[in-house]
Amino acid sequence: MEKITDKIAALPADANYFSLEFFPPKTAMGFSNLRDRLDRMARALRPLFVNVTWGAGGSTATKSLELAEICQRELNLTTCLHLTCTNMSRKMIDGALEDAKALGIRNLLALRGDPPRAAEYQNHNEDPENAIDEGFVWAIDLVKYIKNKYGDYFCIGVAAYPEGHADESHPLGQSVEHDLSYLVDKTLAGADFLMTQLFFDIEAYGNFERRLREHPSGAFATIPIIPGLMPIQSYQMIKRTTKLSHASIPASIMSRLDVVQKDDEKVKNVGVDILCEIIEQVKEIKSSIPGPKGFHFYTLNLEKAVSFIVERTHLISNPTEEDAVVEEGPLPDIPNLVINGTSPRGDSRFQDSGHSRRQSTIGSEPRNRVIVSERSLSNPEYEASQADAGILAGAINTRANTLAISEGEGVLGREATWDDFPNGRWGDARSPAYGEIDGYGPTLHMTQAQAIELWGHPKSREDVDTLFVRHLKGELNAIPWSEEEVHEETGTITDQLIQLNSRGMWTVASQPAVNSIRSEDPTFGWGPKHGFIFQKAFVEFFISGTAWKALHGKLASSEVCGLVTYYAANAAGSVVSSDSIGGVTPTSGATEPIEEDDEGYVTGESSTNAVTWGVFPGKEIVTPTIIEEVSFRAWAEEAFGIFSEWAQVYGKGHESEKFLEATRADCWLVNIIHHDFMTKEALWDLLLK
């Protein structure tokens, strides 16, 4: 139950420390796997503390508290819980604070959250106790509230922005000068430490910290300022994240990433180099400031890159001599046994001398290996040289071995970091890193004014048809479900998508079929050179309830069944899907049970569909894009949440708000995968002809 500031104060003046940030995974499997990852990272890396992000409202907030409890109580990690305050009731804020206190959490990061939109969110028929408290407009309001109610019980951190804060979707409104007075007030109101937004511009950060330390108010003279750093996990992810956070990437860094952008492994390796360089530069900036130097890592729930970074930059505290967690005492008593006249166990030659058992040799870790003497090792995981076979293996649970696993070494390392290349909502739902990583749940990533400027005031389905078609034509740079412009790959099926949207199928995701295209291809290529890329065509869209009923009949017909897998969900939470793996109905001899729900739909074992895969020399097949029911369910909940966010832009009772809410209630979100990847037009012919 230690405060972060107390832990920092207890460190030697020349010490380095770091913290790690995690978010609650969207699926139960991801949550379970994150528990194991946290345990491993805690033992291997030993962060000074960990942060848990906050999802405002409902089940998302509950998951944040559950994750914080795992960190604080189960893993005994000093935990800092994020807490936002806008668009929330005072009852919810009080509940979160009381829950944090009950869990033994002493550290909070007080944040504003999304811009205040009480007029849009407020339900006038709701219990006044659950009404949005319009007194919480800025983070300083939350800081003052916590201080007033709890005194010094909580150690409170606040956010700082080295390049300025901006609500807009572009950085034109960013200004450190404009922010400074607010940061002073927020700090003097009761902040105990500052944690910065992620950055890559070291010059901007250096100027920012010097400006704070020299500020005439003296508010920042001694307060811990912890720089926030994000390991570069993939090219697309870092481009998207920096766009949303308004963090600039210097041309010198971007050029290094551009060269390797098609190969995620190389991007990650270059990213480790870049982060290590930034850390050394930050150390130099902080060298003139007395006291320990700290760093905060936005892990995105991944461990490999951050493990490399903290080891290479010597941020990991010096390990003490550690024993393996292995029974090293005498062997247990074994009943006396005489076989073919051999001596019984009472014979002195077989008595336990009291020494620990013989330590395993390297050749048996992690499994028995074949000893090879006449040739070089062709598979070191299963073979050992004669010299290696005699070397004692290290203790299996030492910190060094756990760190090696977190860095992906060996069989255990590959198993631990199997999800090292996440693909947002198209990744594996078992991964702790699955899903879009935005921090606050469904959001439009723009202000009310920007949303109205982009999308006007839709009042009919034809108006929405037009918006989606304009986005595909490049006339709009965003739709509510995507703040990105159409990718080059999508350009190869633009004509088909325009036809679908013109017919009321509002597409939010899609990809064309690809059969054995070289990994160097400028449009479809990715991964190492000399590989081959494959893709199944899929499309995801909103469709009216009436149209879905007709389409479902077609998809379930004998002519189509087996060729496609489909998932469909509505805002009420109903889910319909093809009945088993690959959409093929089990035969009468199948062992899996076949059940019918109340509407007569056949249900069975959930399918898992790899829709993008790559084959590369010397590597296992890589499957970065996966679609399955559990991930579709998680996304559908968010997708309909974004629909509501769009409606709320216009305010209660507005014609556009009423139309969008009615449409949301009627629509189904449908995802269709066509398994014939050798026929490019198969999916589009199915839907359009």
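Please read all numbers here as calculations on a predicted model, not as lab measurements. Every chain is numbered independently, its residues counted from 1 as its sequence is written. Owing to the predicted nature of the model, reporting of local features is limited to residues with pLDDT of at least 70; listing and counting of side-chain atom pairs is limited to 80 or more, with chain, interface and lining totals taken over all residues. In computing side-chain values, all of the structure's heavy atoms are included and hydrogens and water are not.

Draft legend 1. Local environment of helix α6 (residues 139-150). Helix and strand labels come from DSSP, where a helix needs a run of H or I of at least four residues and a strand needs a run of E of at least two; each type is numbered from the N terminus. A helix is expected to span 1.5 Å multiplied by its residue count minus one. Relative to the 16 Å expected for 12 residues at 1.5 Å per residue, α6 spans 16 Å between its end C-alpha atoms, a close match to the ideal helical length. With a 1.4 Å probe rolled over the protein chains alone, any residue whose accessible area is under 20% of its type maximum counts as buried; one over 50% counts as exposed, and the rest are partly exposed. Looking at α6, one finds that the buried residues are A139, I140, L142, V143, Y145, I146, K147 and Y150. Should any heavy atoms of two residues lie within 4.5 Å, those residues are considered in contact. As for α6, its buried residues are in contact with β3 (79-83), α4 (90-102), β4 (107-110), β5 (155-160) and α7 (176-188). Of the residues trailing α6, G151 is marked for its positive phi of about 60°.

Draft legend 2. Spatial organisation of the side chain of K186. Counting through the fold element by element, K186 comes out in helix α7. Beyond its immediate stretch of four places on either side in the chain, K186 contacts A139, I140, V143, V158, A159 and A191.

Draft legend 3. Representation of the environment of G294 within the structure. Relative to the assigned elements, G294 resides in strand β8 (residues 293-298). A sequence separation of 275 residues divides G294 from S19, and the C-alpha atoms of the two residues are 7.8 Å apart. When residues no more than four places from it in sequence are discounted, the contact partners of G294 are Y17, I226, P227 and K286.

Draft legend 4. Looking closely at the sheet that holds strand β1 (residues 16-22). Sheet architecture is closed into a barrel: eight strands sit in the order β1-β2-β3-β4-β5-β6-β7-β8, paired in parallel fashion. Pairs of neighbouring strands in the sheet enclose a mean axial angle of 25°, with direction left out of account. In terms of strand pairing, β3 meets β4 through four bridges, oriented parallel. Within β4, the position partnered with L81 by the bridge is L108. When DSSP locates at least two bridges between a pair of strands, those strands are taken to pair. Axis definition: a line fitted to C-alpha atoms, over the contacting stretch in the case of helices. Angles run 0 to 180 degrees between N-to-C directions.

Draft legend 5. Region of the structure containing the sheet that holds strand β12 (residues 514-518). Ordered by their spatial adjacency, four strands build an open sheet running β12-β13-β19-β20, and the pairing between neighbours is antiparallel. Among the strands making up the open sheet, the edge pair consists of β12 and β20 (622-628). On average, each strand axis in the sheet is inclined to that of its neighbour by 20°, with strand direction left out of account. Relative to β20, strand β19 (residues 608-615) is paired through five bridges, and the arrangement is antiparallel. Following the sheet pairing, G614 is matched in β20 by V622.

Draft legend 6. Just the packing of helix α10 (residues 251-259) against helix α11 (residues 264-286), in detail. With their axes 9 Å apart at the nearest point, α10 and α11 run at an angle of 160° to one another. Considering their axes alone, α10 and α11 lie roughly antiparallel with respect to each other. As α10 packs across α11, the resulting crossing turns out to be right-handed. Residues I253, R256 and L257 of α10 form the contact with α11, whose participating residues are V267, V270, D273, I274, E277 and I278. Under the scheme applied, nonpolar residues are Ala, Val, Leu, Ile, Met, Phe, Trp, Tyr, Cys and Pro; charged residues are Asp, Glu, Lys and Arg; polar residues are all the others, including Gly. Looking at the contact of α10 with α11 residue by residue, the class counts come to six nonpolar, no polar and three charged. Note on terminology: angles under 35 degrees are roughly parallel, angles over 145 are roughly antiparallel, angles of 65 to 115 are roughly perpendicular, and the others are oblique. Note on convention: the crossing is left-handed when the near helix lies turned anticlockwise from the far helix by less than a right angle, right-handed when the turn is clockwise.

Draft legend 7. Structural detail: the confidence of the model for the chain. Confidence in the prediction for the chain averages 82 pLDDT; 78% of positions are at 70 or higher. Confidence of the predictor at the level of single residues is given by pLDDT, which spans 0 to 100. Confidence drops under a pLDDT of 50 for residues 320-367, and excluding neighbours within four residues, the segment shows 55 contacts in the predicted structure. Note that pLDDT drops below 50 for residues 580-603; the model gives that stretch 39 contacts with residues more than four away or on any other chain.

Draft legend 8. The pattern of salt bridges, seen in detail. Any carboxyl oxygen of Asp or Glu within 4 Å of a side-chain nitrogen of Lys or Arg constitutes a salt bridge here. In the structure shown here, the tally under the stated rule is 20 salt bridges. A salt bridge links E177 to R211, with the shortest nitrogen-to-oxygen separation between them at 2.0 Å. Taken together, the residues span a long stretch of sequence, with E177 in helix α7 and R211 in helix α8 (residues 202-213) at a distance of 34 residues. On the basis of relative accessible area, E177 is assigned to the exposed category, the value being 53%.

Draft legend 9. Broad picture of the environment of W506. Locating W506 in the fold gives a position in strand β11 (residues 506-511). In sequence terms W506 and T466 are 40 residues apart; their C-alpha atoms lie 9.9 Å from each other. Here W506 is in contact with R461, V464, D465, F468, N501, E540, F541, F542, F643, T663 and C667, once residues within four sequence places are set aside. Two N or O atoms form a polar contact when they lie within 3.5 Å of each other; inside protein one atom must be a possible hydrogen donor and the other a possible acceptor, and for residues adjacent in sequence the pair counts only when both atoms belong to side chains. A polar contact is formed between the side chain of W506 and the side chain of D465, at a distance of 2.6 Å.

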